[in-house]
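Given next are the chains, with one letter for each unit.
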Amino acid sequence: MIGLDIGGTKTRGIKVVDGEVVADLEVGSANVQNVSRETAAANLAELFARLDAADAALVFAGAGGIDTAADAEALASLIRPHVPAARVEVVHDSRLLLAAGGARTGVAVIAGTGSAAWGTNAAGEEARAGGWGYLLGDEGSGYWLGREAVRYSLHRMNLGLEPDALTLGLLTATGLAEPGELIAHFHSPETGRRYWAQQSRVVTQAADAGHAGARFLIDQAAHDLARMAAQVANQLGIDGPVILGSGLGMNVPRLQEGFRAALAEQGIDDVRVLDRDPIFGTIELAAGADGGEPLP
């Protein structure tokens, strides 16, 4: 079995033989919302060649932007040429989080390059919140934090204020000399969603150093992510578990604390931070696809 976690920044693939992961590799993103179809195809070709996956019987892939059967088929069509004998299953990547968290029902929240919440209840009903892409949403995501750091810096510039620690960190990370250059740099075809999501680390570092503005941004991200989780839980009539995962969700303690606190105000106390990478949810999901006992 081949498991894929196709994010906005990278694509990770594992090869599983008799329940054991025998290969674990990363290449660039194969998500066509973030890169061209040609780039996605090239990255998948590299990954499958390195995984030695031509004889795989099943490929289970999770990716952002899988909102319709047509979305799933479009990605599956890029995968099939590399595994001609395999059955290819494609799902929204939020499903990987719930499975990786060992839960059959509950709400999974992605806080990575993008953001989304998805859940299911014991009756098999499903609900989603967010996941509309960076032009329409992605609140609380890495891209959102990077963009808001730019907006914060430009606002200070308009007020005639000198660059502070957050702005200076952003200028250093982007190789720019002064805040006004951020405007053209942000709109440049040389930067994009992945690039600005990577700048979220500037915000988290500034927050760790005590910068009030950076802390406000992370607290707002936590609030927005919790709002999506609560919306899904309420639609499904469940009170957890809520599983927070992906890069920001798994690695930023202040965001985790704010997320828990905001959900506690909504009466949701069963909140868990994913303790293993979402890609391992493909193993659980594949077991169900193969006729075993699925987790979610």
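Look a little higher up for the structure.
Residues numbered from 1 in each chain as written. Predicted model: local features only at pLDDT ≥ 70, side-chain atom pairs only at ≥ 80, totals over all residues. Heavy atoms only, no water.

Q: So what exactly am I meant to see when it comes to unusual backbone geometry here?
A: Residues other than glycine predominantly adopt negative phi, and peptide bonds predominantly adopt the trans conformation. The step from Gly240 to Pro241 runs through a cis peptide bond, and the omega angle for that step is -5°. With respect to the element layout, Pro241 can be found in the loop between helix H9 (212-236) and strand S9 (242-245). In this model, Asp18 sits at a positive phi of 55°, which is unusual for a non-glycine residue. As for its position among the elements, Asp18 is in the loop between strand S2 (10-17) and strand S3 (20-28). With phi around 55°, Asp52 is a residue other than glycine that occupies positive phi space. The topology assignment puts Asp52 in the loop between helix H1 (37-51) and strand S4 (58-63). (Helix = DSSP H or I, 4+ residues; strand = E, 2+ residues; numbered from the N terminus.)

Q: Can you help me understand the pattern of salt bridges in this one?
A: Any two side chains of opposite charge can pair, given that their charged atoms come close. Under the criterion given, the structure shown has 15 salt bridges. Among the ionic pairs, Arg156 bridges to Asp164, the shortest N-O distance being 3.7 Å. Classification of Arg156 as buried rests on a relative accessible area of 19%. Residue Asp164 is classed as buried on the basis of its relative accessible area, which comes to 16%. Of the charged contacts in the structure, one is a salt bridge between Asp219 and Arg254, with a shortest N-O distance of 3.0 Å. Of this pair, Asp219 sits in helix H9 while Arg254 sits in helix H11 (residues 253-265); the two residues are 35 residues apart in sequence, bridging distant segments of the chain. (Salt bridge = Lys/Arg side-chain N within 4 Å of Asp/Glu carboxyl O. Buried < 20%, exposed > 50% of the residue type's maximum accessible area, 1.4 Å probe, protein only.)

Q: Please explain the nonpolar core as it appears in this structure.
A: The nonpolar side chains of soluble globular proteins are, as a tendency, buried together. Residues Val107, Val109, Val242, Phe259 and Leu263 are the most contacted members of the largest nonpolar core, which totals 48 residues. Per-element accounting of this core gives the leading share, 13 residues, to H9. Among all residues touching Val109, those that are not within four sequence positions of it are Leu97, Ala116, Ala117, Leu225, Ala229, Val242, Ile243, Leu244, Gly245 and Phe259. (Core = buried A, V, L, I, M, F, W, Y, C linked by side-chain atoms within 4.5 Å. Contact = heavy atoms within 4.5 Å.)

Q: Sorry, what's going on with the environment of Asp24 here?
A: Turning to its location among the elements, Asp24 is positioned in strand S3. Look at Asp24 and you get partly exposed, because its relative accessible area is 35%. Separated by 197 residues in the primary sequence, Asp24 and Ala221 have C-alpha atoms spaced 31 Å apart. Those residues within four positions of Asp24 in sequence are excluded, and the remaining contacts are Arg12, Gly13, Ile14 and Phe280. For Asp24, the side chain forms a polar contact with the side chain of Arg12, separated by 2.7 Å. (Polar contact = N/O pair within 3.5 Å; in protein donor to acceptor, adjacent residues only side chain to side chain.)

Everything listed here is a matter of geometry and, on its own, says nothing about what the molecule does.
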